There are 2 protein chains.
Amino acid sequence: MTTQVPVVEQIMSANDQLAAVNRARLDKTGVFALNMMASPGAGKTSLITRTVEALKSELRIGAVDGDIATSIDADRVAALGVPAVQINTGGACHLDASMLQTAFSRLPLKELDLLIIENVGNLVCPATFKLGEHRSVLIASVPEGDDKPYKYPVMYRGVDALVLNKIDVLGAFDFDVEYFRQGVEPLNPGLAFFPLSCKTGEGLDAWLDWLRNEVKQYVPGNSG
Amino acid sequence: MTTQVPVVEQIMSANDQLAAVNRARLDKTGVFALNMMASPGAGKTSLITRTVEALKSELRIGAVDGDIATSIDADRVAALGVPAVQINTGGACHLDASMLQTAFSRLPLKELDLLIIENVGNLVCPATFKLGEHRSVLIASVPEGDDKPYKYPVMYRGVDALVLNKIDVLGAFDFDVEYFRQGVEPLNPGLAFFPLSCKTGEGLDAWLDWLRNEVKQYVPGNSG
């Protein structure tokens, strides 16, 4: 099996190169890009629609929605009146930099401040494929269980912010927030953490403040 | 990128060959193997512990638990007094046939009737890697949302049974069971469907009857 390894490394390297090209293009047009990752059903699209609703009067937002099939997610975001592009990966389990490059050609990049990228629902593979984003966010959710940082360390290790969605149902599940955070801390010390509910709106303000501030502090070509 | 395609096909084919070797070994020792797949946190381990508790007096059961890290799941199953082997994949997003082969060497196969294999939590990648199992089961869960068959068709297309877990929280989520089933039907017509709650025990009997019957009807070397 060792003969396969160089091929994998070569693919990863090609993706990293293309991610750098994407980043340069975003920086040239002054667009801050956010890569949102999560398990299937954690609430990526719900958080994106909440975020767009809250910030679209102050920021020019566009969205890219990655899914294996359907345009359900992009349709939900586009319904808010912002440009949204659906990427259907076919069978692929993550977005990669070349897919984002394809999406660029269908977006008015020069007219955007913030590009929100919704990755394929998957707690493993998206972690290792950079797209060219400036920041990445992981959305965990209460029904998934509090042991996920322990079981999926790679994803938790690599992100810039962590959302814990569906806190409105904490009472219905055996979810120990302290145990969850203790699992995250050694992987990603001091990680920005936003417990919230997209359903009730509780906790959303802190998340929006963080994102607003990231976009404000963004200096094209000088971030990372 | 076209130069990569034959390599991918070669890997898949090697896995299929090894899965056939695993199947032959299972059939030689008369062990019925079940591959359980799901998103992270859908309740794979909970369903396995419920199943072991219910059937261990009538069937000799062993378990293989796949995770990227930790032995949390295998520990939970082993606590019930059945042989359980943890496979840590490192970073890999699915079990493959070679990993199962490794687990075989640490299991008393000749003393088992049923081997339950818990795959890595992932709604995409495990679908395309056969392990040598006789039947595969997908565990969906209410909090994930009712649109998952539409978005992750490959997984829904390939399984022999579908569990919908966490029906005890149907009231707290906007989950339309009919819309969910309408998504499944064209992908996998007539698929055995078991809505249940591992928490309350509701619906478990129908699932257990199905599994009991599959093991009973199993003729080594003549299944598939």
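Quick look at the structure, then. Fair warning: this is a prediction, and the values are worked out from it, not measured in the lab.

Cut-offs used in this document
- Residues numbered from 1 in each chain as written.
- Chains lettered and ligands numbered in written order.
- Predicted model: local features only at pLDDT ≥ 70, side-chain atom pairs only at ≥ 80, totals over all residues.
- Heavy atoms only, no water.
- Helix = DSSP H or I, 4+ residues; strand = E, 2+ residues; numbered from the N terminus.
- Rg over C-alpha atoms; globule rule 2.2 N^0.38 Å.
- Buried < 20%, exposed > 50% of the residue type's maximum accessible area, 1.4 Å probe, protein only.
- Contact = heavy atoms within 4.5 Å.
- Areas by Shrake-Rupley, 256 points an atom, 1.4 Å probe, with all protein chains shown as cover.
- Lys, Arg positive; Asp, Glu negative; His and termini not counted.
- Charge placed at Lys NZ, Arg CZ, Asp CG, Glu CD.
- Core = buried A, V, L, I, M, F, W, Y, C linked by side-chain atoms within 4.5 Å.
- Pairing = 2+ DSSP bridges.
- Buried area = accessible area lost by both parts, 1.4 Å probe.
- Salt bridge = Lys/Arg side-chain N within 4 Å of Asp/Glu carboxyl O.
- Axes fitted to C-alpha atoms, helices over the stretch in contact; angles between N-to-C directions.
- Parallel < 35°, antiparallel > 145°, perpendicular 65-115°, else oblique.
- Left-handed = near helix turned anticlockwise from the far one by under 90°.
- Nonpolar A, V, L, I, M, F, W, Y, C, P; charged D, E, K, R; others polar.
- Least-squares fit on C-alpha atoms with pLDDT ≥ 70 in both.
- Phe/Tyr/Trp six-rings, centres within 6.5 Å; stacked < 30°, edge-to-face > 60°.
- Polar contact = N/O pair within 3.5 Å; in protein donor to acceptor, adjacent residues only side chain to side chain.
- 1 Å grid on protein atoms, 1.4 Å probe; cavity = no way out; pocket = protein on both sides within 12 Å on 5 of 7 lines; lining within 4 Å.
- Points joined across faces, edges and corners; volume = space filled by probe spheres on them.

## Looking at the overall build of chain A
A count of helices and strands for chain A gives eight helices and seven strands. Rg of the C-alpha trace for chain A: 17 Å, near the compact-globule value of 17 Å for 224 residues, within the 12% margin. Expressed as lengths along the three principal axes of its C-alpha atoms, the size of chain A is roughly 55 × 45 × 35 Å. When burial is assessed residue by residue, chain A has 56% of its 224 residues classed as buried. The long-range share in chain A, meaning contacts at least 24 apart out of those at least 6 apart in sequence, stands at 75%. Here chain A displays about 8900 Å² of accessible surface, and carbon together with sulfur accounts for 52% of that area. The averaged location of the 27 negative side-chain charges in chain A is 5 Å from the averaged location of its 20 positive side-chain charges.

## Overview of the nonpolar core
Membership of the largest hydrophobic core comes to 50 residues, with the highest contact counts inside it found for Leu162 and Phe180 of chain A together with Leu162 and Phe180 of chain B. Those elements that place two or more of their residues in this core are β5 (135-141), α6 (153-158), β6 (161-165) and α7 (177-184) of chain A together with β5 (135-141), α6 (153-158), β6 (161-165) and α7 (177-184) of chain B.

## Quick word on the pairing of β5 of chain A
Residues and elements named next belong to chain A. Counting buried positions along β5 gives six out of seven residues, so the element sits mostly inside the fold. In this structure, strand β1 (residues 32-38) lies alongside β5, joined through five bridges in parallel fashion. Residue pairing in the sheet places Asn35 in a bridge with Ser136 of β5.

## Re the interface of chain B and chain A
Taken residue by residue, the interface counts 36 residues in chain B and 36 residues in chain A. When chain B packs against chain A, the two sides together hide about 2900 Å² of surface, and 63% of this comes from carbon and sulfur. Taken as a group, Pro40, Lys151 and Tyr152 of chain B account for 20% of the area that chain B buries against chain A, more than any other trio of residues on that side. The interface formed by chain B and chain A contains two salt bridges.

## Let's talk about the packing of helix α2 (residues 44-55) of chain B against helix α8 (residues 204-217) of chain B
Angle between the axes and distance between the axes are the two parameters that describe a pair of packed helices. Residues and elements named next belong to chain B. Following both chains from N to C, one finds α2 and α8 inclined at 70 degrees, their axes separated by 11 Å at the closest point. As far as their axial angle goes, α8 and α2 are roughly perpendicular. Every pair of crossing elements has a handedness; the one defined by α2 and α8 is right-handed. Taken together, the residues of α8 that come into contact with α2 (itself represented by Leu47, Arg50, Thr51, Ala54 and Leu55) are Leu204, Trp207, Leu208, Leu211 and Arg212. Class assignment for the residues of the contact of α2 with α8 results in seven nonpolar, one polar and two charged.

## What to know about the relation of the copies chain B and chain A
For these two chain copies, the linking operation is a rotation about an axis paired with a shift along it. Taken as rigid bodies, chain B and chain A are interconverted by a rotation of 180 degrees and an axial shift of 0.0 Å, the fit giving an RMSD of 0.0 Å. Read as a symmetry element, the transformation amounts to a two-fold axis. Looking at the interface residues of chain B, 100% of them are also at the interface in chain A, so both copies use one shared face.

## Points about the packing of aromatic side chains
Geometrically, a pair of aromatic rings is defined through the distance of the ring centres and the angle of the planes. Residue and element names in this part refer to chain A. Using the criterion set out here, one finds 16 aromatic pairs over all chains in the structure. With 6.0 Å between their ring centres and 80 degrees between their planes, Tyr156 and Phe180 make a pair best called edge-to-face. With Tyr156 in helix α6 and Phe180 in helix α7, this residue pair connects regions lying 24 residues apart in the sequence. Phe180 gets classed as buried once you look at its relative accessible area, which sits at 0%.

## What about the sheet that holds β5 of chain A?
The strands making up a sheet associate through backbone hydrogen bonding, with each pair oriented either parallel or antiparallel. Residue and element names in this part refer to chain A. The strand order across the open sheet built from seven strands is β3-β2-β4-β1-β5-β6-β7, with neighbouring strands paired in parallel fashion. A single partner strand is all that each edge strand has here, and the edge strands are β3 (84-88) and β7 (192-195). The mean inter-strand angle of the sheet, taken between neighbouring strand axes irrespective of direction, is 20 degrees. Here β6 runs beside β7; their pairing, made up of four bridges, is parallel. What sits directly across from Val163, in β7, is Phe194. Taken strand by strand, helix α2 (residues 44-55) contacts β1, β2 (61-67), β4 (114-118), β5 and β6, and its axis lies near 165 degrees from that of β4. Most of the contacts of helix α4 (residues 97-104) go to β3, to which it runs at about 140 degrees, and overall it touches β2, β3 and β4.

## Digging into the environment of Asn15 of chain B
Residues and elements named next belong to chain B. Topologically, Asn15 is positioned in helix α1 (residues 5-29). Along the chain, Asn15 and Gly132 lie 117 residues apart, while their C-alpha atoms are 9.6 Å from each other. Ignoring any residue separated from it by four or fewer positions in sequence, one finds Asn15 in contact with Asp96, Ala97, Phe129 and Lys130. Polar contacts involving the side chain of Asn15 include one to the main-chain carbonyl oxygen of Lys130, which spans 2.9 Å.

## Section: the sheet that holds strand β1 (residues 32-38) of chain B
All names here are of chain B. Taken together, the seven strands give an open sheet; going across it, the order is β3-β2-β4-β1-β5-β6-β7, and neighbouring strands pair in parallel fashion. Every interior strand has two partners, whereas the edge strands, β3 (84-88) and β7 (192-195), have only one. Adjacent strand axes in the sheet meet at a mean angle of 20 degrees when their direction is disregarded. The pairing of strand β2 (residues 61-67) with β3 spans five bridges and is parallel. Residue pairing for β3: Ala63 is matched across the bridge by Ala84. Its contacts with the sheet place α7 against β5, β6 and β7, and it is angled at close to 160 degrees to β6. The sheet strands contacting α8 are β1, β4 (114-118), β5, β6 and β7, and the helix crosses β1 at an angle near 145 degrees.

## Observations regarding empty space enclosed by the protein
Summed over the entire model, instances satisfying the criterion amount to two cavities of 30 Å³ or more. By volume, the largest cavity is sized at about 80 Å³. In terms of lining residues, the largest cavity is bounded by 15 residues, among which Ser141, Pro143 and Glu144 of chain A together with Pro143 and Glu144 of chain B are the most central. Considering only enclosed or pocket space, the second largest cavity measures out at about 60 Å³ in volume. Asn35, Met37, Pro126, Ala127, Phe129, Lys130, Glu133, Ser136, Met155, Gly158 and Val159 of chain B are the residues that line the second largest cavity. At the level of elements, β1 and α6 of chain B are the ones that each hand at least two residues to the lining of the second largest cavity.

Coordinates in, geometry out; function isn't part of it.
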